[in-house]
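So the chains spell out like this:
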Amino acid sequence: MTATIIDGKEFAARVRVKVGDHVTRLKNDHGITPGLAVVLVGEDPASQVYVRSKGKMTVEVGMKSVEHKLDINTAEADLLALIGQLNNDPEIHGILVQLPLPKHLNEDLVINSISPAKDVDGFHISNVGLLGTGQKSMVPCTPLGCLMMLRDHHGSLSGMNAVVIGRSNIVGKPMAQLLLGDSCTVTIAHSRTKDLADVVRRADIVVAAVGRPEMVPGDWIKPGATVIDVGINRIERDGKKKLVGDADYESCAAVAGAITPVPGGVGPMTIACLLANTVTACCRAHGFDEPEGLTA
Ligand code: GUN
């Protein structure tokens, strides 16, 4: 079998068009422009690239983009004061504090100071609790993007066996909650899981989110299963720099029914879902109907 390639780049472009349509409607019908504030502390090069890209795409879909770039030595109290201002700013509907933060800042404290309604990352403890209890919440962008692609490919996920490899708060745990919400039978596997190969072989859906280059080989994959590869690992092979996922693409694609490539799979969906979450937050803040197909 040769797997269908789930094209995240093309899917993300479709999500952005949908977001853009909603933004136009909010502007034309209500005079409201959704606004996203991104806060970056320090000058981590990878974070700078992400933040620039987020800002550019926010503007492209017609939303207001505000960037706050703070010195690496910013005091916690000053960061919390800025978040307080953004929480109270009616033109800002989404707030994202780029992670990781410098070591002297308490990440949990900072994230939990964001108003849950504006927490477009879905990292606030209230949103984590709401998602875990099946209530309306802001959903972390990467797992939301994975869910959208799975629903698009399969229609219903009900009754499928899903194995999530990785137990992070950002991807693994919320991904498992979302799959459970869509009535999958869910296993969360991780570095200490015994007989990981056997666990993965039972899966109709494999979500690989461990951050280890090409650790899932094709002979772990049940023929016809769907592989969602969240990994973005920079490696050097034959003297060339290369981006690879957590799944070994060639061998997995030979067995799977469908697979997301790296790059061009899950990656582009993350920012698209950030934009989707911002428009959702804006609609909720004003009591409007939520955009269809852009939420969990
Ligand atoms: N750093 C890397 N990915 C993310 C993300 O999804 N959200 C935030 N806030 N920081 C990140």
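Residues numbered from 1 in each chain as written. Predicted model: local features only at pLDDT ≥ 70, side-chain atom pairs only at ≥ 80, totals over all residues. Heavy atoms only, no water.

### A word on the side chain of Ser137
Item 1. By the element assignment, Ser137 lies in the loop between α5 (125-132) and α6 (141-154).
Item 2. By relative accessible area, Ser137 is classed as buried at 8%.
Item 3. Look past the residues within four positions of Ser137 in its chain and what remains in contact with it is Asn127, Leu130, Leu131 and Arg284. (Helix = DSSP H or I, 4+ residues; strand = E, 2+ residues; numbered from the N terminus. Buried < 20%, exposed > 50% of the residue type's maximum accessible area, 1.4 Å probe, protein only. Contact = heavy atoms within 4.5 Å.)

### Quick look at the sheet that holds strand β7 (residues 205-208)
Item 1. Taken in spatial order, the six strands make up an open sheet running β1-β11-β8-β7-β5-β6, and their pairing is parallel. Of all the strands in the sheet, just β1 (4-5) and β6 (185-189) have a single pairing partner and so form its edges.
Item 2. As defined by bridge partners, β7 adjoins strand β8 (residues 226-229) across four bridges and the pair is classed as parallel. Bridging from a neighbouring strand, Ala208 pairs with Asp229 of β8. (Pairing = 2+ DSSP bridges.)

### Side note on the sheet that holds strand β2 (residues 35-41)
Item 1. The parallel open sheet is built from three strands, whose spatial order is β3-β2-β4. Strands with a single pairing partner mark the edges of an open sheet, and in this sheet they are β3 (64-70) and β4 (94-97). Put simply, the sheet's adjacent strands are angled 15° from each other on average, direction ignored.
Item 2. Sheet analysis places β2 next to β4, joined by four bridges and oriented parallel. Opposite Val38, over in β4, you have Leu96 as the bridge partner. (Axes fitted to C-alpha atoms, helices over the stretch in contact; angles between N-to-C directions.)

### A closer look at the site of the ligand
Item 1. Neighbouring the ligand are the residues Leu96, Val97, Gln98, Leu99, Asp121 and Phe123.
Item 2. For the ligand, a nitrogen atom lies 3.1 Å from a polar atom in the side chain of Gln98.
Item 3. Between the ligand and Leu99 there is a distance of 2.8 Å, counted from a nitrogen atom to a backbone nitrogen or oxygen.
Item 4. Protein coverage of the free-state accessible area of the ligand, which is 280 Å², stands at 77%. (Near = heavy atom within 4 Å. Polar contact = N/O pair within 3.5 Å; in protein donor to acceptor, adjacent residues only side chain to side chain. Areas by Shrake-Rupley, 256 points an atom, 1.4 Å probe, with all protein chains shown as cover.)

### Quick look at the pairing of β2
Item 1. Most of β2 is tucked away: seven of the seven residues are buried.
Item 2. Residues Gly35, Ala37, Val39 and Val41 line one face of β2 and the alternating positions Leu36, Val38 and Leu40 line the opposite face, and both faces are buried.
Item 3. Inspection of the sheet shows β2 paired to β3 by seven bridges, in the parallel sense. Across the sheet, the residue bridging to Val38 is Glu67, located in β3.
Item 4. Note that the unit made of β2, helix α2 (residues 45-60) and β3 has a crossover that is right-handed. (Right-handed = clockwise from strand over helix to strand, strands pointing away.)

That's the geometry; what it means functionally is another story.
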